[in-house]
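Architecture and fold: a report
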Amino acid sequence: MSGLDFRQPGPGLLESGNLFLLSKMRDANLYRLLKRRFPADLDQPCLLLPGSDVVTYRTLDARSALIAHALVSAGCVPGDRVAAQVEKSATAICLYLACLRAGLVYLPLNPAYQQRELSYFLGDANPRVVICSPEGMDSMSAIATPAMRIFTLDGHDQGSLVNEIRSCFEDFEPVAMQERDLAAILYTSGTTGRSKGAMLSHGNLAANALTLVENWGVSAADVLYHALPIFHVHGLFVALHCVLLSGSRMWFCPKFDVAQALELLPRSSVMMGVPTFYTRLLANPDFGRKHCDTVRVFISGSAPLLPETFALFESRTGQRILERYGMTETGMNTSNPLFGERIAGSVGLPLPGVAARVVGKDGQSVPAGEIGGIEVKGPNVFNGYWGMPEKTAEEFTADGFFRTGDIGKFCPNGYLQIVGRANDLIITGGLNVYPKEIEELIDALPGVAESAVIGVPHPDLGEAVTAVVVAKPGARLNSNGIIASLKSQLAGFKMPRYVYMVADLPRNTMGKVQKNILRQQYGK
Ligand code: MCA
Ligand code: AMP
């Protein structure tokens, strides 16, 4: 009764020699693998900073060594966490590489997080070193413990971290790591409102990166257009590792900007983005084939790419976007093929080495065409949630598959289609928001009886965070007041775009709020 069951690791990873390569490596420190694949001439550019400079592989190597020494001097020992809430910069990349080299666990944080959110991450991960923007120093000092060293770094490679490295050496032997040793912790929002730190190992990151470079044919000749943030898997691991492992280069842009994209795409060969990048490009009437001639592949992920967007992009540019599917906990799981049919509305085939299956309520694989929970297994799948062994155990099956929480089906041709999620997760502009966190904050406001937070379709962001609020009898509340009260407590991307005041919330016979009814009502 297995239907389409990809329990066996696909042949590609083995055939390609990647597993062999990994097991033969004297140690599994990811930096050692990356460095081996740097161009022979280290003076080749790696980061192309639009309008100004280039950063060569030699500079990345030297600067990351200097930072690794600085972190060790600050008291870090292998396994310590290094939290960074910094703007995108070349030095931020070097900081990540420095952590790999020194065996430290990198913990990137969205610069949009407010003090309330940061306080949770610092308390949970207990980093030895925290790096923040110069403007964020006072706020960070107020929540850090005395044992935490705080450095600053701005978006222009300046700050106390940089001052700290001036007197150090330009080489740093990577600390020997086992495959399961942690390289990074990335927080993902949780259904209960409490974020979970996904523990990603050197082995996880290396396996996924090697697979992607091969699967997407990334080579030294490529130029990636990189406009993603570097505090998530997509921009930090998928994009950066593909470049470093292929010895190629990338336009390293602070953020996604349509005008800059139109200027740089004709000098790029690969673009990776969330669907919002594609809808924003298409919203520009000038965008078309002339911008895409040199681009060999446009890749999309982190949120569903609407078939309409896929079709419009093809008609405007002649290119079929390659959609892939991943998660913070797993890196990339499936991908439409580089060569072969790319299907709109489908996230493609399991990547080599990744086993993916769709299961019914009884945990058994269902036949192709039937909808169920998506589960994955492979060297890309994380070690578990930081400090949450019970939660980790809950999310894995007895035979070692990770329950993604996504709902989907395999088509008869083996392509996976995502049709929904098991929980209320909202994805806005490629960033995840769990309603519970916002609902708890709204419910705690004076005069609020209760609230429900939902995602409604949004032409730019995919989904927009929307709050439906019931006031206590006699309380005088309005949406502007609610938004103003939330602002200092929530990162901007989590802020409700719409707030509706209602007399009561629709409930089923069990008393549970019927969010599907709210989504229908407000999603127009
Ligand atoms: C910014 N804002 C947002 C978002 N980003 N609101 C909703 N959703 C968002 N994603 C708000 C800000 O708080 C601000 O609000 C206003 O929008 C303008 O901010 P700005 O920074 O100028 O926004 P933007 O430049 O327009 O950014 C939108 C964006 C960006 C380009 C969609 O969020 C982005 O680059 N998203 C990609 C995220 C990503 O990398 N996800 C991958 C996760 P106000 O004006 O009120 O202050 S990894 C993952 O999902 C897995 C592993 C995978 O498969 O990849
Ligand atoms: P994150 O927690 O940021 O890693 O987000 C992972 C979630 O994003 C997945 O569980 C999916 O729900 C969603 N996701 C990622 N890629 C895609 C895609 N191509 N299509 C639909 N959903 C996606």
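Since the structure is predicted, the reported quantities are computational estimates derived from the model, not experimental observations. (Residues numbered from 1 in each chain as written. Chains lettered and ligands numbered in written order. Predicted model: local features only at pLDDT ≥ 70, side-chain atom pairs only at ≥ 80, totals over all residues. Heavy atoms only, no water.)

The environment of ligand 2 is formed by 15 residues, the closest being Glu 323, Arg 324, Thr 328, Asp 406 and Asn 432. Between ligand 2 and Glu 323 there is a distance of 2.9 Å, counted from a nitrogen atom to a side-chain nitrogen or oxygen. Backbone polar atom of Arg 324 to a nitrogen atom of ligand 2: 2.7 Å apart, as the coordinates give it. Burial of ligand 2 by the protein chains amounts to 91% of its free accessible area of 490 Å². Breaking the shell around ligand 2 down by element, the ones donating at least two residues are strand 13 (322-327) and strand 20 (416-421). At 5 residues, the largest contribution of residues to the shell around ligand 2 is made by strand 13. A per-class count over the shell around ligand 2 returns 7 nonpolar, 4 polar and 4 charged. (Near = heavy atom within 4 Å. Polar contact = N/O pair within 3.5 Å; in protein donor to acceptor, adjacent residues only side chain to side chain. Areas by Shrake-Rupley, 256 points an atom, 1.4 Å probe, with all protein chains shown as cover. Helix = DSSP H or I, 4+ residues; strand = E, 2+ residues; numbered from the N terminus. Nonpolar A, V, L, I, M, F, W, Y, C, P; charged D, E, K, R; others polar.)

On the secondary structure map, Gly 155 appears in the loop between strand 6 (149-152) and helix 8 (160-164). Residue class for Gly 155 comes out partly exposed when judged on its relative accessible area of 28%. Sequence separation between Gly 155 and Val 297 is 142 residues; the distance between their C-alpha atoms is 29 Å. (Buried < 20%, exposed > 50% of the residue type's maximum accessible area, 1.4 Å probe, protein only.)

Moving residue by residue along a regular strand, the side chains alternate between the two faces of the sheet. Of the two faces of strand 12 (residues 297-300), the one holding Val 297 and Ile 299 and the one holding Phe 298 and Ser 300 are both buried throughout. Both strand 11 (residues 270-273) and strand 12 contribute to a ladder of 4 bridges, which runs parallel. Bridge pairing in strand 12 places Met 272 opposite Ile 299. Chirality of the crossover, the property in question, places the unit of strand 11, helix 12 (residues 275-282) and strand 12 among those that are right-handed. (Pairing = 2+ DSSP bridges. Right-handed = clockwise from strand over helix to strand, strands pointing away.)

Turning our eyes to something else, we now look at the sheet that holds strand 24 (residues 462-471). Overall, mixed pairing links the 3 strands, which are arranged 23-24-25 in an open sheet. The sheet terminates laterally at strand 23 (448-458) and strand 25 (498-502), the two strands that pair on one side only. Within the sheet, the average angular offset between the axes of one strand and its neighbour, ignoring direction, is 25°. Relative to strand 25, strand 24 is paired through 5 bridges, and the arrangement is parallel. Pairing of Ala 467 across the sheet is with Val 499, part of strand 25. (Axes fitted to C-alpha atoms, helices over the stretch in contact; angles between N-to-C directions.)

Glancing now at the state of the cysteines. Per the counting criterion, the structure on display carries 0 disulfides. Free cysteine Cys 46: the closest other cysteine sulfur is in Cys 94, separated by 9.2 Å. Note on Cys 46: relative accessible area 0%, which makes it buried. (Disulfide = S-S within 2.5 Å.)

Purely spatial values, then, with no claim about function.
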